[in-house]
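Each chain, letter by letter, is given below.
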Amino acid sequence: MSLQLDFGIAIQQLRKQRGLSQERLALEADIDRRYMSDVENGKRNISLDIMERIARQLGIEVSELIRHAEEVSKKTLTIDTLKEWLCDSDHEDTIVLESPDYLSAIIGITEEGRLIYSYDKMVEHLMREDGMDAEEAMEFIDYNTIRALPYAGEMAPIVMYDVEL
């Protein structure tokens, strides 16, 4: 997972532990509610100022917030924990690729709740997890994953291709 998403999950967990709504935390931290939603969904790279305001409203030091995000980062991501987080984030309709899971290739989520996967990381995942070489992995992804996405509907995951300029 990304550092932004780890922070978002950490903030969401701490907020819920304290019985705060997202709206209330945003209001008390003097942050726009939509911005707070983006932070919790891993869509914003927050500044130190925002981090400090959030930590203050959660009643912790910034260092503790960072430690909590590091703990989130160390936890092994599973399909079940991903789906649980998606449900907690009001994205229960999100389609998750499960066979293979490509968990290490997830790089984000759209505002609508569509997961975003990195093609290059999908290749790396198959090489590491299934012992494929790069050519086999690309062929597998193109034939078994990319071709199936149009049939998944409007909530189909998005596969991003790296661009070299």
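Numbers given for residues are sequential positions, taken from 1 along each chain in its written order. This being a predicted model, a pLDDT of at least 70 is required before a residue's local features are given, and a value of 80 or more before pairs of side-chain atoms are given or counted; all residues contribute to the totals for chains, interfaces and linings. Heavy atoms from the whole structure form the basis of all side-chain values; hydrogens and water molecules are not counted.

Here we look at the pairing of strand β1 (residues 106–109)
In this structure, β1 lies alongside strand β2 (residues 115–118), joined through 3 bridges in antiparallel fashion. Across the sheet, residue Ile109 finds its bridge partner in β2, namely Leu115. Connecting β1 to the antiparallel partner β2 that follows it, the hairpin turn spans 5 residues, and Gly113 within it adopts a positive phi of roughly 100°. Strand pairing requires that DSSP identify at least two bridges connecting the strands. Runs of E in the DSSP output that reach at least two residues are strands. Runs of H or I that reach at least four are helices, and both are numbered from the N terminus.

A look at the layout of surface pockets
As defined here, a cavity is a set of points on a 1 Å grid over the protein atoms alone where a 1.4 Å probe fits but cannot get out. A pocket is an open set with protein on both sides within 12 Å along at least five of seven lines, and residues line them when an atom is within 4 Å of a point. Grid points are joined across faces, edges and corners, and a volume is the space filled by probe spheres set on the points. Considering only enclosed or pocket space, the second largest pocket measures out at about 160 Å³ in volume. Lining the second largest pocket are Gln12, Arg15, Gln22, Arg33, Arg34, Ser37, Glu40, Asn41, Asp88, Ser89, Asp90 and His91. If you list the elements that add at least two residues to the lining of the second largest pocket, you get α1 (3–17) and α3 (33–40). Examining the composition of the lining of the second largest pocket, we find that 4 residues originate from one element, α3, more than from any other. The residue classification treats Ala, Val, Leu, Ile, Met, Phe, Trp, Tyr, Cys and Pro as nonpolar and Asp, Glu, Lys and Arg as charged. All others, Gly included, are polar. Counted by class, the lining of the second largest pocket contains no nonpolar, 6 polar and 6 charged residues.

What about the pairing of β2?
Burial classes follow relative accessibility: with a 1.4 Å probe on protein chains only, a residue under 20% of its type's maximum area counts as buried, one over 50% as exposed, and anything between as partly exposed. Taking every second residue as pointing to the same face, both faces of β2 are buried, with Leu115 and Tyr117 on one and Ile116 and Ser118 on the other. When β2 meets strand β3 (residues 158–160), the two strands line up parallel, connected through 3 bridges. By the bridge assignment for β3, Tyr117 is matched with Val159.

Some remarks on the sheet that holds β3
Across the sheet, which stays open at both edges, the 3 strands sit in the order β1-β2-β3 with mixed pairing between neighbours. Across the chains shown, the open sheet's two edge strands, defined by having one partner strand only, are β1 and β3. Recorded for the sheet is a direction-independent mean angle of 30° between the axes of neighbouring strands. Throughout, a residue-residue contact means that at least one pair of heavy atoms, one from each residue, lies within 4.5 Å. Axis lines are fitted through C-alpha atoms, for helices just across the contact stretch, and the angle between N-to-C directions can take any value from 0 to 180 degrees. The sheet strands contacting helix α7 (residues 119–130) are β1, β2 and β3, and the helix crosses β2 at an angle near 70°.

Topic: unusual backbone geometry
With an omega dihedral of 0°, the bond running from Ser99 to Pro100 counts as a cis peptide bond. Tracing the chain through its elements places Pro100 in the loop between α6 (79–88) and β1. Here Asp90, not a glycine, exhibits a phi torsion of approximately 60°, which is positive. Take Asp90: it is sitting in the loop between α6 and β1.

Section: the pattern of salt bridges
For this analysis, a salt bridge means a side-chain nitrogen from Lys or Arg found within 4 Å of a carboxyl oxygen belonging to Asp or Glu. As enumerated under the stated definition, the model contains 7 salt bridges in all. Note that Lys83 is salt-bridged to Glu98, the shortest N-O span being 2.7 Å. Here the residue Lys83 occupies a position in helix α6, and Glu98 occupies one in the loop between α6 and β1, the gap between them amounting to 15 residues.

What to know about α3
Counted residue by residue, α3 has 6 buried out of 8 residues, so it is predominantly covered. Residues of α3 that are buried: Tyr35, Met36, Ser37, Asp38, Val39 and Glu40. Against α1, α2 (22–28), α4 (48–58) and α6 lie the buried residues of α3. The backbone nitrogen of Arg34 has a side-chain oxygen 3.0 Å away, supplied by the residue at the start of α3, namely Asp32. Gly42 sits one or two residues past α3 and shows a positive phi near 75°. Polar contact is the term for a pair of N or O atoms within 3.5 Å; when the atoms are in protein, one must be able to donate a hydrogen and the other to accept it, and sequence-neighboring residues count only if both atoms are side-chain atoms.

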